[in-house]
Amino acid sequence: FNDYIKTGLDFYNSGDLEKAEENFKTAVDLKPSHYFPQYYIGLIYYAKKEYYTAEEYYLSALANGADKALTYYALGVNAYADNNYDAAVIYLNTALEEDPDKYKDKISFLLERIESEKMDDDLYMDYEIDTESDLETEYEGDEETDIEYEDEDIEYEDEDEDEYDEYDEYNEDEFNEDFGGKWE
């Protein structure tokens, strides 16, 4: 067990996540109730942006005795990365309750950022709703009140598609600058 943990840590620290994962999973097979390899497997899945699986391993590590403040902090960061702000707030606040000083500054920063991003999302949603209502009221004075909208199939030539791709990239960059990199 200890050899697999040590080897897994060596691979993890060198950036070879695949071999690290193999060693940690072997350690879990040998001692399923030990938190340490489960926590590191959670870190590996977080690095792979497989947030659901990372959360499962963090929770398993927590259930098997992992440091609560550390693990709740990891769960909060994981949920934040997955844009699951409600869960992130719960996990981060729980980490603060477990050890008010350990991650205080980092957690405070993340909680402020979450609040800011939630406000940005609310403003964006309000803007979308207002835009839709503006379009609806624009046609109130028309004789025909029941207007049906149909999607048009538009085909672009190859060279035109490149122009639209450039335009989309421009919008993505502009959006990232305005809203802190939340383009999806």
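Because the structure is a prediction, the values reported are computed rather than measured.

### Side note on the pattern of salt bridges
Stage number 1. In this structure the tally under the stated criterion is 5 salt bridges.
Stage number 2. Glutamate 21 serves as the salt-bridge partner of lysine 25, at 2.9 Å between the closest nitrogen and oxygen. Taken together, the positions of lysine 25 and glutamate 21, both in helix α2 (residues 17-30) and 4 residues apart, correspond to about one turn of that helix.
Stage number 3. Taking the relative accessible area as the measure of exposure, lysine 25 reaches 30% and is therefore partly exposed.
Stage number 4. When its relative accessible area of 9% is taken as the criterion, glutamate 21 is described as buried.

### Notes on the packing of helix α4 (residues 51-63) against helix α5 (residues 68-81)
Stage number 1. Two elements in contact, α4 and α5, have axes separated by 10 Å at closest approach and are oriented at 170 degrees. Considering the angle they form, α4 stands roughly antiparallel to α5. Within the contact between the two elements, α4 uses Tyr51, Ala54, Glu55, Tyr58, Leu59 and Leu62 and α5 uses Lys68, Thr71, Tyr72, Ala74, Leu75, Asn78 and Ala81.
Stage number 2. Among the residues forming the contact of α4 with α5, the class breakdown is 9 nonpolar, 2 polar and 2 charged.

### Some remarks on the packing of aromatic side chains
In this description, a pair of aromatic rings is defined by centroid distance and the angle of the planes.
Stage number 1. Enumeration over the complete set of coordinates arrives at 10 aromatic pairs.
Stage number 2. Put simply, the rings of Tyr12, Phe24, Phe36, Tyr39, Tyr40 and Tyr58 pair up and form one aromatic cluster.
Stage number 3. Over the aromatic face of phenylalanine 1 sits the side chain of lysine 31, whose NZ or CZ is 4.7 Å from the ring centroid.
Stage number 4. For lysine 48, the ring lying beneath its charged end belongs to tyrosine 45, and the centroid distance is 4.8 Å.

### As for the confidence of the model for the protein
Stage number 1. With 65% of its residues at a pLDDT of 70 or more, the protein has an overall mean of 77.
Stage number 2. Element-level mean pLDDT values for the protein span from 45 in helix α8 (residues 158-179) up to 98 in α2.
Stage number 3. Overall, residues 124-171 carries pLDDT values under 50, and its contacts beyond four positions in sequence, including any with other chains, amount to 7 contacts.
Stage number 4. Low confidence marks residues 178-184, where pLDDT is under 50. Its contacts with residues over four positions away, or in another chain, come to 15 contacts.

### What to know about α2
Stage number 1. In this model, α2 (14 residues) spans 20 Å end to end at C-alpha, consistent with the 20 Å of a helix rising 1.5 Å per residue.
Stage number 2. Regarding α2, the residues found buried are Ala20, Glu21, Asn23, Phe24, Ala27 and Val28. Axial view of α2: buried residues confined to an arc of 165 degrees, hence all on one face. Structural note: α2 exposes Glu18 and Asp29 on the side pointing more than 90 degrees away from its buried face.

### Some points on the packing of α2 against helix α3 (residues 35-47)
Stage number 1. Two numbers describe how α2 lies on α3: the axes approach to 9 Å, and their chain directions differ by 150 degrees. Between α2 and α3, the angle is such that the two are roughly antiparallel. Where α2 crosses over α3, the two elements pack in a sense that is left-handed. On α3, the residues that touch Leu17, Ala20, Glu21, Phe24, Lys25, Ala27 and Val28 of α2 are Phe36, Pro37, Gln38, Tyr40, Ile41, Ile44, Tyr45 and Ala47.
Stage number 2. Looking at the contact of α2 with α3, its residues break down into 12 nonpolar, 1 polar and 2 charged.

What counts, and at which threshold
Residues numbered from 1 in each chain as written. Predicted model: local features only at pLDDT ≥ 70, side-chain atom pairs only at ≥ 80, totals over all residues. Heavy atoms only, no water. Salt bridge = Lys/Arg side-chain N within 4 Å of Asp/Glu carboxyl O. Helix = DSSP H or I, 4+ residues; strand = E, 2+ residues; numbered from the N terminus. Buried < 20%, exposed > 50% of the residue type's maximum accessible area, 1.4 Å probe, protein only. Axes fitted to C-alpha atoms, helices over the stretch in contact; angles between N-to-C directions. Parallel < 35°, antiparallel > 145°, perpendicular 65-115°, else oblique. Contact = heavy atoms within 4.5 Å. Nonpolar A, V, L, I, M, F, W, Y, C, P; charged D, E, K, R; others polar. Phe/Tyr/Trp six-rings, centres within 6.5 Å; stacked < 30°, edge-to-face > 60°. Lys NZ or Arg CZ within 6 Å of the ring centre and 35° of its normal. pLDDT = per-residue confidence, 0-100. Expected span 1.5 Å × (residues − 1). Arc of directions from axis to C-beta. Left-handed = near helix turned anticlockwise from the far one by under 90°.

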